[in-house]
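Reading the structure
Each chain, letter by letter, is given below.
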Amino acid sequence: MYIEELQLRNYRNYQGLEATFENKVNVILGENAQGKTNVMESIYVLAMAKSHRTSNDKDLIRWEEEYAKIEGRIKKSNGSLPMQLVISKKGKKAKVNHLEQRKLSQYIGNMNVVMFAPEDLNLVKGSPQVRRRFIDMEIGQVSAIYLHDMGQYNKILQQRNHYLKQLQIKKTSDHTMLDILTEQFIQAAAGSL
Ligand SMILES: Nc1ncnc2c1ncn2[C@@H]1O[C@H](COP(=O)(O)OP(=O)(O)O)[C@@H](O)[C@H]1O
Ligand SMILES: [Mg+2]
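Residues numbered from 1 in each chain as written. Chains lettered and ligands numbered in written order. Predicted model: local features only at pLDDT ≥ 70, side-chain atom pairs only at ≥ 80, totals over all residues. Heavy atoms only, no water.

The name recorded for the chain in an unreviewed UniProt entry is DNA replication and repair protein RecF, from Mesobacillus boroniphilus JCM 21738. As its UniProt record puts it under Function (unreviewed entry), the chain is described as follows: "The RecF protein is involved in DNA metabolism; it is required for DNA replication and normal SOS inducibility. RecF binds preferentially to single-stranded, linear DNA. It also seems to bind ATP." Per UniProt, the chain carries the Sequence similarities (unreviewed entry) text "Belongs to the RecF family." (UniProt positions renumbered as here; feature names shortened; annotations may be inferred.)

Following this line, the structure appears as structure tokens:
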């Protein structure tokens, strides 16, 4: 699998970009701050519907513009697959083969990427959280169920943490609710919620 064509509109510093790639090593050369990383990032965003370096989607929209659009054609063994992602201030719209995908978990996984950027040295140097996030993102591309389970897990983790904080404040000895949350937390961790 490789990306044959990439089109950007209002993505970061690009008003418009059309690029084609070969099924080989592709080298992108340019001066500092010309947008080399932005091209790499856009390919990652096309695959993952989010950036590897910002959690704020609005950063991806070219300044003063309303939306950013990334389009690509992914060459696979059984043909070419058009993918499209539009990011606006209201949210994201993702299309595969011209069909809108209601759930991003359905969209992610149609195109597989592994990104390694200088900031990824944090994977080795940084906290376990950074490593976990990276591995979660990679597995999430292969398994929509994993993405779903991870969402459930994070939700219940947050609820339980919030409740633990409340318990500290209230100093109650009734742990019924905590027990329920703990049970749900275990089930979510096992992927069976
Ligand atoms: N949302 C944005 N709108 C317009 N320009 C942006 C946006 N985000 C980043 N840029 C510009 O993109 C350039 C950096 O591009 P980058 O891909 O990091 O460069 P490099 O070629 O060094 O990897 C900078 O000039 C920066 O001002
Ligand atoms: Mg760069």
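Having seen it, we continue.
1. Focus: the site of ligand 1
Near ligand 1 there are 15 residues, and of these Ala33, Lys36, Thr37, Asn38 and Ile61 occur at the shortest range. The separation between an oxygen atom of ligand 1 and a polar main-chain atom of glutamine 34 is 3.2 Å. The contact in question runs from a nitrogen atom of ligand 1 to an N or O atom on the backbone of aspartate 59, over 3.0 Å. Within the complex, the protein chains bury 78% of what would otherwise be the 590 Å² of accessible surface of ligand 1. (Near = heavy atom within 4 Å. Polar contact = N/O pair within 3.5 Å; in protein donor to acceptor, adjacent residues only side chain to side chain. Areas by Shrake-Rupley, 256 points an atom, 1.4 Å probe, with all protein chains shown as cover.)

2. So, the nonpolar core
Residues Tyr107 and Met111 are the most contacted members of the largest nonpolar core, which totals 33 residues. Every element with two or more residues in this core is listed here: β1 (2–11), β2 (14–20), α1 (36–48), β3 (67–76), β4 (79–88) and β5 (91–96). Per-element accounting of this core gives the leading share, seven residues, to α1. Excluding residues within four positions of it along the chain, methionine 111 makes contact with Met1, Ile3, Ile43, Leu46, Ala47, Ile74, Met83 and Gln141. Of all hydrophobic cores here, the second largest spans seven residues; its members include Ile156, Tyr163, Leu181 and Ala188. (Core = buried A, V, L, I, M, F, W, Y, C linked by side-chain atoms within 4.5 Å. Buried < 20%, exposed > 50% of the residue type's maximum accessible area, 1.4 Å probe, protein only. Helix = DSSP H or I, 4+ residues; strand = E, 2+ residues; numbered from the N terminus. Contact = heavy atoms within 4.5 Å.)

3. So, the UniProt feature "binding site: ATP" (unreviewed entry) in the chain
Mapped onto the present numbering, the UniProt feature "binding site: ATP" (unreviewed entry) falls on Gly30, Glu31, Asn32, Ala33, Gln34, Gly35, Lys36 and Thr37. Within the secondary structure layout, glutamate 31 lies in the loop between β2 and α1. Relative to the assigned elements, asparagine 32 resides in the loop between β2 and α1. On the basis of relative accessible area, asparagine 32 is assigned to the exposed category, the value being 69%.

4. Re the domain arrangement of the chain
Splitting the chain by domain gives domain 1 (2–116) and domain 2 (146–189). Using C-alpha coordinates to define each centre, domain 1 is positioned 36 Å away from domain 2. (Domains from an automatic or database assignment.)

5. Notes on a nonpolar patch on the surface
Taken together, the side chains of Val25, Val27 and Leu29 make up a nonpolar region of the molecular surface, amounting to roughly 410 Å² of accessible area. Along the chain, the position of valine 25 falls in the loop between β2 and α1. (Patch = residues over 30% accessible without salt bridge, like charges linked within 9 Å, V, L, I, M, F, W, Y side chains within 5 Å. Salt bridge = Lys/Arg side-chain N within 4 Å of Asp/Glu carboxyl O.)

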